[in-house]
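Summary of structural features
Below, each chain spelled out in residue letters.
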Amino acid sequence: MFKSKFLNDVNLQDKHATYTLNNGVKIPVVGFGTWQVKDGEEAYNSVLEALKVGYRHIDTAEVYRNEESVGRAIKDSGIPRNEIFVTSKVWNNHSSYESAKEALEASLNRLGLDYVDLYLIHWPNPAHTRPNNEQRNRDVYRALEDAYKAGKVRAIGISNFMVHHLESLLKTVTIKPAVNQIYINPTDQQEEVVLFNDKNDILTEAYSPLGTGKIFNVPMLEELARKYNKSIGQVVLRWSLEHGYLPLPKSVTPSRIKENLELFDFKLDKEDIEKIDKLHGTFGSAPNPDTKDY
Ligand SMILES: NC(=O)c1ccc[n+]([C@@H]2O[C@H](COP(=O)([O-])OP(=O)(O)OC[C@H]3O[C@@H](n4cnc5c(N)ncnc54)[C@H](OP(=O)(O)O)[C@@H]3O)[C@@H](O)[C@H]2O)c1
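These remarks concern the structure in this document. (Residues numbered from 1 in each chain as written. Predicted model: local features only at pLDDT ≥ 70, side-chain atom pairs only at ≥ 80, totals over all residues. Heavy atoms only, no water.)

1. Here's the deal with the packing of aromatic side chains
Put simply, the rule is: Geometry of aromatic contacts follows a simple scheme: Phe, Tyr and Trp rings, the Trp one being its six-membered ring, pair when their centres are within 6.5 Å, and the pair is stacked under 30 degrees between planes, edge-to-face over 60, tilted otherwise. For helices the rule is a DSSP run of H or I covering at least 4 residues; for strands it is a run of E covering at least 2, with both sets numbered from the N terminus onward. Using a 1.4 Å probe on the protein chains alone, a residue whose accessible area is under 20% of its type maximum counts as buried, one over 50% counts as exposed, and one in between counts as partly exposed.
In total, this model carries seven aromatic pairs according to the counting rule given. A centroid spacing of 5.1 Å and a plane angle of 35° characterise the contact between Trp 123 and Tyr 294, whose relative ring orientation is tilted. Residue Trp 123 is located in the loop between strand 6 (118-121) and helix 4 (133-149), and its partner Tyr 294 is located in the segment after helix 10 (270-277); the two are separated by 171 residues in the primary sequence. Judged by its relative accessible area of 3%, Trp 123 is buried. The class of Tyr 294 is partly exposed, set by a relative accessible area of 35%.

Here it is as structure tokens:
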């Protein structure tokens, strides 16, 4: 069974648990996802609710078009800025050093923040950059490195990078990526990328940890939920944590927002983790960034 090295010294019975990134920065082990959360009331209310029930890590992106509402909720929560970990991401239309620099400034403006805790290249192979995506990634990443040096971001990384994208990028970086945010839930565990990340001290964040809602139809998970007296969502998010991933559940429903953070008062038996591992390939898979049309 895969266990990330990032789990060393992490107490998963502690609801304030953090992983330590490769530059020493601490990151709360669960983040609140905001993809498909509508700008305005929906994003504002759900982020505010998430912060109220205890999340201290919010995942947004330029392309989610909700940074302004996310930023307002962060401000209105009254929680000190340095107690909240905020991630944003540079989108595919930014293909040069300058453009990526501007994208970060624009995100900071929308969020109303002086810095973000983590800034990621969202996608490794935008369709319009093919076949020159390697150069694009190098240029954009250099902008992230400079932003890091200027104190505008506390950590930098990538998202949706497969092993060959990473191998290419790592040849020229001067600051190692701290995070690779990828699609991970029981149906696609991306073993090759996960092992590569871990070997290179890159934390694996698990996006779509609930399969964008698809895991709720798996009967075996219902049985496990009954066994642990937890919900299916909680069992699957705990499974993600026990492997040492960092799940980013999204919900706009207050009861679910709360439920998805109640993960620290139980643990899964090894054989149940292995049972869930066997769901690999059963109901969905990660997008392939080399063939998508964006
Ligand atoms: N880097 C990337 O390219 C990338 C791509 C995709 C996602 N992400 C990140 O990962 C986050 C999560 O992924 P995701 O948005 O695909 O979805 P997800 O978290 O896997 O699943 C969200 C769906 O499950 C439902 N849900 C949540 N908790 C539930 C519960 N306890 N019981 C029943 N249903 C529940 C939600 O419904 P309601 O909202 O209606 O409650 C929503 O329909 C994103 O929001 C984003 O921050 C990143």
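Next comes the rest of the description.
2. Section: helix 8 (residues 232-243)
Working note: α-helix, 3.6 residues per turn, so residues spaced by three or four point in the same direction. Under the convention used in this document: In this scheme, a helix's expected span is set at 1.5 Å multiplied by one less than its residue total. For this analysis, residues touch if any pair of their heavy atoms sits within 4.5 Å.
Over its 12 residues, helix 8 runs 17 Å from end to end, which matches the ideal 16 Å to within 8%, given 1.5 Å per residue. Taken across its 12 residues, helix 8 has 12 buried, putting it largely inside the fold. Restricting attention to buried positions, one finds in helix 8 the residues Ile 232, Gly 233, Gln 234, Val 235, Val 236, Leu 237, Arg 238, Trp 239, Ser 240, Leu 241, Glu 242 and His 243. The elements touched by buried residues of helix 8 are strand 1 (18-20), strand 9 (203-207), helix 7 (219-228), strand 10 (246-247), helix 9 (254-259) and helix 10. Positive phi appears at Gly 244, one or two residues downstream of helix 8, with a value of about 90°.

3. Observations regarding the nonpolar core
The criterion, for reference: Throughout, nonpolar core names a set of buried Ala, Val, Leu, Ile, Met, Phe, Trp, Tyr and Cys residues whose side chains join them through atoms within 4.5 Å.
Residues Tyr 19, Leu 21 and Leu 221 are the most contacted members of the largest nonpolar core, which totals 92 residues. Dropping the residues within four chain positions of it, Leu 21 is found in contact with Phe 6, Ile 27, Phe 85, Ala 155, Ala 178, Val 179 and Leu 203.

4. So, the pairing of strand 8 (residues 179-183)
A regular strand carries its side chains on alternate faces of the sheet. What counts here: Only when DSSP finds a minimum of two bridges between them are two strands counted as paired. Every crossover in which the path from the first strand over the helix to the second runs clockwise, viewed with the strands pointing away from the viewer, is termed right-handed.
The buried fraction of strand 8 amounts to five of the five residues, a majority that puts the element mostly inside the structure. Both strand 8 and strand 9 contribute to a ladder of five bridges, which runs parallel. Across the sheet, the residue bridging to Asn 180 is Thr 204, located in strand 9. Crossover handedness for the path strand 8 to helix 6 (residues 191-199) to strand 9: right-handed.

5. Overview of the environment of Tyr 44
Along the chain, the position of Tyr 44 falls in helix 1 (residues 41-53). Overall, Tyr 44 belongs to the buried group, its relative accessible area being 17%. Between the C-alpha atom of Tyr 44 and that of Asn 66, which follows or precedes it by 22 residues, the distance is 8.6 Å. Not counting chain neighbours up to four residues away, the residues in contact with Tyr 44 comprise Ser 69, Arg 72, Ala 73 and Asp 76.

6. Observations concerning the site of the ligand
Worth spelling out the cut-off: In these notes, residues near a molecule or strand are those with any non-hydrogen atom within 4 Å of it. Throughout this description, a polar contact denotes any pair of N or O atoms lying within 3.5 Å of each other; where both atoms belong to protein, one of them has to be capable of donating a hydrogen while the other can accept it, and for residues adjacent in sequence the pair is counted only when both atoms sit in side chains. Under the convention used here, a 1.4 Å probe and the Shrake-Rupley method define accessible areas, while residue burial counts only the protein chains that appear. Classification used: nonpolar for Ala, Val, Leu, Ile, Met, Phe, Trp, Tyr, Cys and Pro, charged for Asp, Glu, Lys and Arg, polar for all others including Gly.
Close to the ligand lie 27 residues; Asp 59, Ser 208, Lys 250, Ser 251 and Thr 253 are nearest. One nitrogen or oxygen atom from the main chain of Leu 210 is found 2.8 Å from an oxygen atom belonging to the ligand. Contact between the ligand and Thr 253: an oxygen atom at 2.6 Å from a side-chain N or O atom of the residue. Look at the ligand: alone it shows 910 Å² of surface, and the protein chains cover 88% of it. Residue composition of the shell around the ligand, grouped by class: nine nonpolar, 13 polar and five charged.

7. Observations regarding unusual backbone geometry
Residue Arg 130 is joined to Pro 131 through a cis peptide bond whose omega torsion reads 5°. In the Ramachandran plot, Gln 36 falls in the positive-phi region, its phi being about 65° despite a non-glycine side chain. Assignment of secondary structure puts Gln 36 in the loop between strand 3 (32-33) and helix 1. For Thr 212, which is not glycine, the phi torsion reads 50° and is therefore positive. Mapped onto the fold, Thr 212 is located in the loop between strand 9 and helix 7.

8. A short note on the environment of Arg 142
Along the chain, the position of Arg 142 falls in helix 4. Measuring from C-alpha to C-alpha, the distance between Arg 142 and Glu 98 comes to 9.9 Å, with 44 residues separating the pair along the chain.

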